[in-house]
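Listed below are the residues making up each chain.
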Amino acid sequence: MNAPDRFLAHLGECPLVAIIRGITPDEAEAVAGAVIDAGFRIVEVPLNSPEPYRSIEIMARRFGEVATIGAGTVLDPVEVARVADAGGRLIVSPNADRAVISAAVSGGLASAPGVFTPSEAFMALGAGAHALKLFPAEAASPAVVKAMLAVLPKGTPVLVVGGIRPDNMAPWREAGAAGFGLGSNLYRPGKTVAEVAAAARAYVAALG
């Protein structure tokens, strides 16, 4: 199975993406293991973390057979190749940059760029994106997701990112969101592995 299909399959298994911004290589295996043990199947290491490529390499080597490991905050096509070389198979960005999307697609990786308007969404899909990241969700609402999905191609996965907690996912899911990216409410530097594991279990439990 290729990387985009694996990503979509893993999203179907568990519609939660662990965004572990600030992770260090020393913590990478333990923290990724905690969220994967809780049921997550997608882990994203933002590139503005310390030594992100090393952390991706560690996670991909240990968990690449059971989860999609990738990078977030990917802003330059050059970074796409470095992620792939480290074993990452998913490229996530806060914006919709045609060059980054094209680099991911041509490299055989899954692409999930950030969008906030229908114009950005259609541009990203036209460039080959496999899923869309609605960001920042704090400035949107479930009604925005519902309206956007009404005009996007049927089956387009829209992941909601920003301010998502276990107790506020339901309205987004009812509106049609395919999943969620979870950041500081799941992991932030200084949290213990046990704390991350507990938060991950709470998110999985909230899916019902």
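These lines cover the structure that appears in this document, whether it is placed above or below. The shown structure was predicted, so the numbers you read here are calculated from the model rather than taken from an experiment. (Residues numbered from 1 in each chain as written. Predicted model: local features only at pLDDT ≥ 70, side-chain atom pairs only at ≥ 80, totals over all residues. Heavy atoms only, no water.)

### Quick word on the overall build of the protein
Check the secondary structure of the protein and you find 9 helices and 9 strands. For the protein, whose C-alpha radius of gyration is 15 Å, the value lies close to the compact-globule estimate of 17 Å for 208 residues. For the protein, the C-alpha atoms occupy an extent of roughly 45 × 40 × 30 Å along the three principal directions. In the protein, buried positions account for 51% of the 208 residues. Partitioning the contacts of the protein with sequence separation of at least 6, the portion at a separation of at least 24 is 60%. Working note: accessible area of the protein is about 8800 Å², and carbon and sulfur atoms make up 54% of it. Seen as two clouds, the 17 positive and the 19 negative side-chain charges of the protein have centres 5 Å apart. (Helix = DSSP H or I, 4+ residues; strand = E, 2+ residues; numbered from the N terminus. Rg over C-alpha atoms; globule rule 2.2 N^0.38 Å. Buried < 20%, exposed > 50% of the residue type's maximum accessible area, 1.4 Å probe, protein only. Contact = heavy atoms within 4.5 Å. Areas by Shrake-Rupley, 256 points an atom, 1.4 Å probe, with all protein chains shown as cover. Lys, Arg positive; Asp, Glu negative; His and termini not counted. Charge placed at Lys NZ, Arg CZ, Asp CG, Glu CD.)

### Quick notes on helix α4 (residues 77-86)
For α4, the full list of buried residues reads V80, V83 and A86. Down the axis of α4, the buried set is contained in an arc of 125 degrees. They therefore lie on one face. α4 presents V78 and D85 as exposed residues on the side facing more than 90 degrees away from its buried surface. Next to the buried residues of α4 lie α3 (52-63), β3 (68-72), β4 (90-92) and α5 (98-106). Between a side-chain oxygen at the N-terminus of α4 and the backbone nitrogen of V78 the separation is 2.8 Å; the capping residue is D76. (Arc of directions from axis to C-beta. Polar contact = N/O pair within 3.5 Å; in protein donor to acceptor, adjacent residues only side chain to side chain.)

### Looking at the pairing of strand β9 (residues 179-182)
Burial along β9 is two-sided: the residues G179 and G181 and F180 and L182 are all buried. Bridge count for strand β1 (residues 16-19) against β9 is 3 bridges, and the pairing is parallel. Along β9, the bridge assignment pairs V17 with G181. For the segment spanning strand β8 (residues 158-161), helix α8 (residues 169-175) and β9, crossover handedness is right-handed. (Pairing = 2+ DSSP bridges. Right-handed = clockwise from strand over helix to strand, strands pointing away.)

### Quick look at unusual backbone geometry
Going from F135 to P136, the amide bond is cis rather than trans, its omega being -5 degrees. With respect to the helices and strands, the residue P136 is situated in the loop between β7 (132-134) and α7 (142-151). If you check the backbone angles, E51 has positive phi at about 45 degrees while not being a glycine. Among the secondary structure elements, E51 is positioned in the loop between β2 (42-46) and α3.

Just geometry here; none of it tells us what the structure is for.
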